[in-house]
Amino acid sequence: MYEKLPTEDPELLNEKQDLYEKPTKRSNKQSLLGFILTAFLLVSGFAAYCLLSCSTSAKPKQNVIFMVTDGMGPASLSLARSFKQYRDKLDIDDILALDSLLIGSSRTRSNDSLVTDSAAGATAFSCALKSYNGAIGVDPEKNPCGTILEALKLKGWHTGLVVTTRITDATPAAFSSHADYRFQEDLIAQHQLGEYPLGRSVDLMIGGGRCHFLPRSVGGGCRSDDRNLIEEAQLNGWSYAGDRKAFDALDEGRNVQLPLLSLLAPTDIPFDIDREPEVYPSLAEQVKVALTSLSHATKNSKEGFFLLIEGSRIDHAGHQNDPAAQVREVLAYDEAMKEVMKFVDNTDTDTVVISTSDHETGGLVTARQVTELYPDYLWYPEVLLNSSHSGEYLVKKMMSRQSELDGPALESYIAKEIVEQDMGILDHTKEEIETVKKFANDANRLLGVLNNMISVRSQTGWSTLGHSAVDVNIYAFSNSERIDKQLYRREPYTGLLGNHENIEIGAFMAKLTGVDLAKVSDLIRDVEHSPKGALDVSADIHMNAVHKLH
Ligand SMILES: *[C@@H]1O[C@H](CO)[C@@H](O)[C@H](O)[C@H]1NC(C)=O
Ligand SMILES: *[C@@H]1O[C@H](CO)[C@@H](O)[C@H](O)[C@H]1NC(C)=O
Ligand SMILES: [Zn+2]
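In this text, all values refer to a predicted model and were calculated from it rather than measured experimentally.

(A) Spotlight on the sheet that holds strand β5 (residues 239-240). Pairing is mixed in the open sheet, where ten strands are placed in the order β5-β6-β4-β3-β7-β1-β8-β11-β2-β12. With one partner strand each, in any of the chains shown, β5 and β12 (498-501) form the two edges of the open sheet. As paired strands, strand β1 (residues 62-69) and strand β7 (residues 305-311) are joined by six bridges and run parallel to one another. Along β7, the bridge assignment pairs methionine 67 with isoleucine 309. Against the sheet, helix α10 (residues 283-297) engages β1, β3 (158-166), β4 (204-208) and β7, with an angle of about 170 degrees to β3.

(B) Layout of the site of ligand 2. Around ligand 2, the surrounding shell consists of Glu382, Val383, Asn386 and Gly424. Asparagine 386 is positioned such that a nitrogen or oxygen atom in its side chain is 2.3 Å from an oxygen atom of ligand 2. When the residues that make up the shell around ligand 2 are grouped by side-chain class, the tally is one nonpolar, two polar and one charged.

(C) Spotlight on the packing of aromatic side chains. Under the definition given, this model contains six aromatic pairs. When the ring of phenylalanine 66 is compared with that of phenylalanine 175, the centres are 5.9 Å apart and the planes differ by 45 degrees; the resulting orientation is tilted. Residue phenylalanine 66 is found in strand β1, and its partner phenylalanine 175 is found in helix α6 (residues 170-176); the two are separated by 109 residues along the sequence. Note on accessibility: phenylalanine 66 and phenylalanine 175 belong to one class, buried. An aromatic cluster of three or more residues is present, and its members are Phe66, Phe125, Phe175 and Phe306.

(D) Quick look at helix α7 (residues 185-192). With respect to burial, α7 is a largely interior element, eight of its eight residues being buried. Taken residue by residue, α7 has Glu185, Asp186, Leu187, Ile188, Ala189, Gln190, His191 and Gln192 as its buried positions. One or two residues past the end of α7 sits glycine 194, with phi positive at roughly 105 degrees.

Reading guide: rules and limits
Residues numbered from 1 in each chain as written. Chains lettered and ligands numbered in written order. Predicted model: local features only at pLDDT ≥ 70, side-chain atom pairs only at ≥ 80, totals over all residues. Heavy atoms only, no water. Pairing = 2+ DSSP bridges. Helix = DSSP H or I, 4+ residues; strand = E, 2+ residues; numbered from the N terminus. Contact = heavy atoms within 4.5 Å. Axes fitted to C-alpha atoms, helices over the stretch in contact; angles between N-to-C directions. Near = heavy atom within 4 Å. Polar contact = N/O pair within 3.5 Å; in protein donor to acceptor, adjacent residues only side chain to side chain. Nonpolar A, V, L, I, M, F, W, Y, C, P; charged D, E, K, R; others polar. Phe/Tyr/Trp six-rings, centres within 6.5 Å; stacked < 30°, edge-to-face > 60°. Buried < 20%, exposed > 50% of the residue type's maximum accessible area, 1.4 Å probe, protein only.

What follows is the structure in structure tokens.
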């Protein structure tokens, strides 16, 4: 069984050598000054803390809200901010909610590459260790590693996952399951529902990804066995909300029966630019349900909740080099952040919010040389605003129509309906229309051609269809001076101010909440985590090539 950890003041914990403490280089003078300052902060902090709750000797109740912008690098912020200022006719000093919370930056390399994927990126946060690209809650030797979500659940916290892609995708998976490879999504779904040594670790899941919960015989299902995990979950006490109507019946979180499974799409929830509000809720709406129900469930509990929120598809827009879709994804995340900020303002429970990215995607820059010689210093948000759909949506739309059309009819459909009406491009050339027509049957090439028409005109630059190794931002705040004091420290493994390794973010959460992730690793040693059957798992390179890393 899980051994209860001694209750300790996290303020004191900070000063101990622990699993995560790394020696730091400082001059003697600095050390002395630091020591005096630390001692002062420690004494005064402890005294203040004591005034409130020292007599109860228990650690104060806390909530941890960890937020991930998958694939969002610094340039995504510049792009989205300028776009919003242009769209809403705002002053140049109007900033995003996120901008006001910036405290540092994170270095994102994984164990086996300077360019990480989302699985290794998320495992760095969840287990506080660097693993290989593709790893879901396992270390470089494929040993399952205890996650912050599991550790907190074992301490009696409530836990939740909110995403806009498949709930079985890398980021949520790395907190709630263990798999050698991210493509083992059938197994990941089983773990998430509690089919593994710890029993159920997750109390709430809202996102897309019905696919890996349903057999192929059921619409939208893609499991390789015959199991219907949604039916099984309901028999095991989960409540289920599988469409907008059922989601609305949750009454913004006031009418939620935990554990809750809410899978709102077979795979991804559509990009915000394409989203039909009567069919799919926004990320902010999903977050509201999660925050309200989790805070309600923990109201009379000694422990708070841990919630993972992911703006999952910023990454997808990056992979597709689609700037019109990406700015809307970033703004949808910013709206979700406002919902979180409102919650933190109004709760009596000490709550910390940390928001960061696993990596950048697309090698995005808010510049592009479209002239032969020296470039103009310009970029045009107007082009992104005029476009009313993602490239992904337009490819699907064209694929469903083009077989009925040919020759001049197809050309006219492309020019009038796709390019002029949907993309808002009025100055298209004959060559461009011909290129679109040429690739009308080739989804991948077509996607590239359409998105490039927007990128070139807005003078938005991309350097890859994959990820990049650029540092990403760290945003954080809390409603507690005690937590702030820990957050706004600069030295490695003490706080999150300044530039840090991604694993320090996971270590910070473990330290703040006083959990020992290594102890959880012991409890899950026997979890099933390797692929079954004829897969040649020795060839990792091959695996990564076959199963595209995101
Ligand atoms: C990767 O993991 C191996 C095995 O744990 C370790 O020896 C190596 O130093 C790690 N490398 C990086 C860059 O994390
Ligand atoms: C954007 O749309 C408006 C209204 O249709 C149009 O006047 C303007 O020229 C368009 N801008 C660009 C860059 O295409
Ligand atoms: Zn990706």
